[in-house]
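Here is what each chain is made of, one letter per residue.
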Amino acid sequence: MRPFSKVNKLFLGVCVASGAVTYYFLNGSNKKVYASWTSNYEPSAHARWDDNWDHRSPKFLLHPKYSKDENNNQIHSEIEVNKAKSVRHLILIRHGQYNVNGQFDEDRTLTKLGKIQAEYTGKRLKELGLPYTKIIKSTMSRAQETGSIISTSLPDVPVKHCDLLREGAPIPPEPPIGSWKQEMYKFFVDGARIEAAFRRYFHRAAPQQKEDSYTVLVCHANVIRYFVCRALQLPAEAWLRMSLNHASITWITITPSGRVVLRCLGDSGHMPPDVITSR
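Residues numbered from 1 in each chain as written. Predicted model: local features only at pLDDT ≥ 70, side-chain atom pairs only at ≥ 80, totals over all residues. Heavy atoms only, no water.

A. Spotlight on the packing of helix α6 (residues 184-201) against helix α7 (residues 221-231). Contact geometry of α6 with α7 gives a least axis separation of 10 Å together with a crossing angle of 55 degrees. Of the possible angle classes, the one that applies to α6 and α7 is oblique. With respect to the hand of their crossing, α6 and α7 are arranged in right-handed fashion. Touching Ile194, Glu195, Ala197 and Phe198 of α6 are Val223, Tyr226, Phe227, Arg230 and Ala231, all from α7. Grouping the amino acids of the contact of α6 with α7 by side-chain chemistry returns seven nonpolar, no polar and two charged. (Axes fitted to C-alpha atoms, helices over the stretch in contact; angles between N-to-C directions. Helix = DSSP H or I, 4+ residues; strand = E, 2+ residues; numbered from the N terminus. Parallel < 35°, antiparallel > 145°, perpendicular 65-115°, else oblique. Left-handed = near helix turned anticlockwise from the far one by under 90°. Contact = heavy atoms within 4.5 Å. Nonpolar A, V, L, I, M, F, W, Y, C, P; charged D, E, K, R; others polar.)

This is the structure we're talking about:
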């Protein structure tokens, strides 16, 4: 290893000294010290986290008629009562491979491979051993069939159905994809429905919920990708930048504080390579 030259030593000394001075200055000014010296540590306006994204933040639920200064303890008490106590887990499953040449929804059933993929995913969910609360399936044929196969591995989990989870065009993607174009009216119709589905299922737990919940949503790639962007407060137009394999698992956790954690995105590692498909 070559020894430092006098110039290198001088340069290193200047860097250390400047770093020490900066650290002292920031601490002396009661400012935060950040690990990165080259990035803008103040988040931009569009990147700031909205704590009340689900309109369930306790402090926003209160409308006291009394002064905060005079009833401070009472306000704190009411905030505590309205706080979530448990975690909500949303496990999003894309349907298995299906017959894309079917003219109608009832013709777009799972292929033989799609059924195998759904079986692997059902077994994987069983192996995880989570206390699943319920399975909610899109009412489209491929999601219904996928959910039914998964239920054979989770026979004791209640099953529900939801039209809001049907596949669609949530919002015009950015950047546009030349090979995938939709009439604008489809975004207008599908987008409102898919957004309604997001608002129905993505929120922190109610204060009355005592234990963590694990809800399985069996639906579609466009819907899941849009949900991920919305949940993470990323631009919704970015949804088509992600790719999801058939019967893959996407896991999102919503903490009592309203923070959202993406635990996995499109996980298909529970399947052998020759079974994995995305189209």
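So, next bit.
B. Fine view of the side chain of Ser57. Along the chain, the position of Ser57 falls in the loop between α1 (6-28) and α2 (58-61). Its relative accessible area of 7% is what places Ser57 among the buried residues. Residue contacts for Ser57: discarding those within four places in its chain leaves Asp51, Asn52 and Arg204. (Buried < 20%, exposed > 50% of the residue type's maximum accessible area, 1.4 Å probe, protein only.)

C. Seen up close, the packing of aromatic side chains. Inspection of the entire model under this criterion finds four aromatic pairs. Between Phe198 and Phe227 the ring centres are 6.1 Å apart and the planes differ by 45 degrees, which places this aromatic pair in the tilted class. On the criterion of sequence distance, the pair formed by Phe198 in helix α6 and Phe227 in helix α7 is long-range, its members being 29 residues apart. Both residues of the pair, Phe198 and Phe227, belong to the buried class. (Phe/Tyr/Trp six-rings, centres within 6.5 Å; stacked < 30°, edge-to-face > 60°.)

D. Structural detail: the side chain of Lys137. Residue position: Lys137 is located in strand β2 (residues 134-138). Look at Lys137: it is buried, it has no salt bridge, and the nearest opposite charge is Glu145 at 9.9 Å. Only 3.2 Å separates the side chain of Lys137 from the backbone oxygen of Gln144, close enough to count as a polar contact. Among residues more than four places away in sequence, those in contact with Lys137 are Ala143, Gln144, Gly147, Ser148, Val159, Lys160, His161, Cys162, Leu165 and Val218. (Lys, Arg positive; Asp, Glu negative; His and termini not counted. Salt bridge = Lys/Arg side-chain N within 4 Å of Asp/Glu carboxyl O. Polar contact = N/O pair within 3.5 Å; in protein donor to acceptor, adjacent residues only side chain to side chain.)

E. Molecular detail of helix α4 (residues 112-128). Over its 17 residues, α4 runs 25 Å from end to end, which matches the ideal 24 Å to within 8%, given 1.5 Å per residue. Those residues of α4 that fall on the buried side of the exposure criterion are Gly114, Gln117, Ala118, Thr121, Gly122 and Leu125. Seen end-on, α4 carries its buried residues on one side only, within an arc spanning 140 degrees. Looking at α4, the residues exposed on the side facing more than 90 degrees away from the buried face are Lys112, Lys126 and Glu127. Close packing links the buried residues of α4 with β1 (88-94), α5 (141-153), β4 (213-219) and β5 (249-254). (Expected span 1.5 Å × (residues − 1). Arc of directions from axis to C-beta.)

F. How the structure looks around unusual backbone geometry. Of note, the amide linkage connecting Glu174 to Pro175 takes the cis form, showing an omega dihedral of 0 degrees. Here Pro175 lies in the loop between β3 (159-162) and α6. We note that His55 has phi near 55 degrees; this positive angle belongs to a residue other than glycine. Within the element layout of this structure, His55 appears in the loop between α1 and α2. On the basis of relative accessibility, which here comes to 61%, the residue His55 falls in the exposed class. Of note in this structure, Gln233 is not a glycine but carries a positive phi near 60 degrees. Of the residues examined, Gln233 reaches a relative accessible area of 23% and is grouped as partly exposed.

As far as function goes, none of this settles anything; it's purely spatial.
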